Each structure stands twice: as C-alpha cells, then as structure tokens.
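Chain and residue survey
Listed below are the residues making up each chain.
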Amino acid sequence: WMSLKKLEAIFDRSMETLGSGLPIRKTSIGIWVPTPLPVIMESVSLMQEMQLLGRTAPPGAVIDAGMGDGRVAAVLAYLNPSQPIYGLERDPVLFSQAVVNWRELRMQGLAVEASVRMIEGDYCDIVSYESCALKFSETCAILNYPDGNQGRLANFVAEHGGSRTSLCLLTHDHSVNLDTLELCAQREVQMTGEINWLLSVYRRSRD
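The residue count restarts for each chain, going from 1 along the sequence in the order it is written. With pLDDT at 70 or above as the cut-off, local features in this predicted model cover only qualifying residues; side-chain atom pairs require 80 or more to be listed or tallied, and sums for whole chains, interfaces and linings still use all residues. Hydrogens are left out, water is left out, and the side-chain values use all remaining heavy atoms of the structure.

With respect to the packing of helix 2 (residues 37-49) against helix 3 (residues 71-79)
Where helix 2 meets helix 3, the closest approach of the two axes is 10 Å, and the angle between their N-to-C directions is 50 degrees. What the angle tells us is that helix 2 and helix 3 run oblique. In the packing of helix 2 onto helix 3, the handedness of the crossing is right-handed. Here L37, I40, M41, V44 and Q48 of helix 2 come into contact with helix 3, specifically with R71, V72, V75, L76 and L79. When its residues are assigned to classes, the contact of helix 2 with helix 3 shows eight nonpolar, one polar and one charged. Angular values range over 0 to 180 degrees, each being the angle between N-to-C directions of two axes fitted as lines to C-alpha atoms, with helices fitted over their stretch in contact. We count a stretch as a helix when DSSP gives it H or I for four or more residues in a row; a strand needs E for two or more, and each element gets its number in order from the N terminus. Any angle from 65 to 115 degrees is called roughly perpendicular, while one under 35 is roughly parallel, one over 145 is roughly antiparallel, and all others are oblique. Two helices cross in a left-handed way if the nearer one is turned anticlockwise from the farther one by less than a right angle. They cross in a right-handed way if the turn is clockwise. In what follows, a contact means two residues having at least one pair of non-hydrogen atoms within 4.5 Å. Only Asp, Glu, Lys and Arg are considered charged in this grouping, and only Ala, Val, Leu, Ile, Met, Phe, Trp, Tyr, Cys and Pro are considered nonpolar; every other residue, Gly among them, is considered polar.

Concerning the nonpolar core
Core analysis: the biggest nonpolar cluster contains 42 residues, and M47, V62, L76, L105, L143, V189 and L199 have the highest contact counts within it. With seven residues, the single largest contributor to this core is helix 2. Leave out the neighbours within four places in its chain, and V62 touches L53, L76, Q83, P84, I85, Y86, C140, A141 and L143. The criterion is simple. A nonpolar core is a set of buried Ala, Val, Leu, Ile, Met, Phe, Trp, Tyr and Cys residues joined through side-chain atoms within 4.5 Å. Buried means the residue's accessible area, taken with a 1.4 Å probe over protein chains only, is under 20% of the maximum for its type, while exposed means over 50%, and partly exposed covers the values in between. Of all hydrophobic cores here, the second largest spans 23 residues; its members include I119, L134, A154 and F156.

Quick notes on helix 6 (residues 150-160)
The set of residues buried in helix 6 consists of Q150, L153, A154, F156 and V157. Buried residues of helix 6, viewed axially, fall in a sector of 160 degrees; they line one side. Where helix 6 is buried, its residues touch strand 3 (62-65), helix 5 (126-130), strand 6 (141-144) and strand 7 (166-171). The directions considered for the arc run from the helix axis to the C-beta atoms.

Points about helix 2
An expected span of 1.5 Å times one less than the residue number is assigned to each helix. Taking 1.5 Å as the rise per residue, helix 2 with 13 residues should run 18 Å; its terminal C-alpha atoms sit 19 Å apart, in good agreement. Of the residues making up helix 2, those classed as buried are L37, V39, I40, M41, S43, V44, L46 and M47. Positive backbone phi, at 60 degrees, marks Q51, one or two positions downstream of helix 2.

Things to note about the sheet that holds strand 6
We call two strands paired when DSSP finds no fewer than two bridges between them. Here we have seven strands laid out as an open sheet, ordered 5-4-3-6-7-9-8, and mixed in their pairing. Because the sheet does not close on itself, it has two edges, and the strands there are strand 5 (116-120) and strand 8 (182-189). Within this sheet the neighbouring strands show an average axis-to-axis angle of 20 degrees, counted without direction. Pairing geometry for strand 7 and strand 9 (residues 197-203), over six bridges, is antiparallel. Residue L169 lies in a different strand from strand 9, and its bridge partner there is S200. Packing of helix 2 onto the sheet brings it into contact with strand 6, strand 7, strand 8 and strand 9, and relative to strand 8 it is tilted by some 135 degrees.

In short, shape yes, function no, at least from these values alone.
So this is what it looks like as structure tokens:
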C-alpha cells in the first residue's frame, strides 16, 4: 500500500511537471492520456489472471507501446520484476519525463536497475526494436492506450508479431475495435469513482 502511494506521488508530480489543465497531451502523432495508477494495477492483475504476464505467461518481453511518462512500465516492473520490459516513446518531452521518473523510482527502491529498457522511438518501426537487439516476434505482450494509432499498431503486430504475441488495448472508450487482429478476450476494469475501463486482448489470426 505504501509503495503504491509512493508510485502515485511520483506520477502526480510528473503530471504537474508536464503541465496542463486537462490530463491529455498532444504529441506529433497522437495524444497521451495518463492512465490512473489504480487502473493500471488492476489491469496488470487481470493480465496475470489471464496468463499474459507473470510466471505462467509465455516467455518473452513486455512492450509498453507509447509509454508516456513511464507509469505503465513502472507498474509492470514493480509487479513483475523478473520480466523484461521495454517502454517506447516517440515524443521527446514525454520520453525525458519518463527518464526522470525512472531515476526517482530507482532512488526510492521501487524499481530494479535493469528491469526496464526505455527507447526513444516509434513503436511501429522495426528498427526501434533492432536498436536494442530485441526480436519483436518473440515478445509476449504489447500494451497500448489507443489514441488513433491502434490500427497502425495492429498492422505492425500482424506483420511482425509471433504466434504468442498479444496486443492489449486499455481504454475508457469501449467503442474501440480492431479488424486486423482476432479479439481473444475482453475484461472490464472496474474502479470506484472511475469510468469503467476496458482491457481488450488481440492476437494474430490462426488462419
């Protein structure tokens, strides 16, 4: 409980640093909507139950596609310290803030030094993954907040993902849907005082 409060404090300060009356930041290719920490925690727990994360998950790295200020990657690393996690962010301001937040997480003992690799780059460019010797086809889960680029990401997963790769969309917009990939599961993330978020899991079609 205390660790969660520390995480929340770090990312509350992060939003103040980025500065905006609304918790939304426009980037060159989309928007960034900071997901509340309790929603992330509950979503990660659901993904563990669905065997998408943790000891019972398929082997491979977890990708936070469009990591913003690093909050999703931080929770993933905190709850799954032995699993390799990569956070990709193209916006330089958000990437810099994620680096600052990660430094504070390490100083407060909330993160393991090597548990997250941060990459400033496009999550739909195979070169971004090759730059750190990561084989995208061997990833087990990609997390993303759909901001208008989800179709592009789905096409990228269909082309480069492996048979065990899952694309997990987390959003409060329940109308979001993908045609390129097969919908395997959906779970509502119910939080008191929050609009119910939706976790949708997609994979490449078996056909």
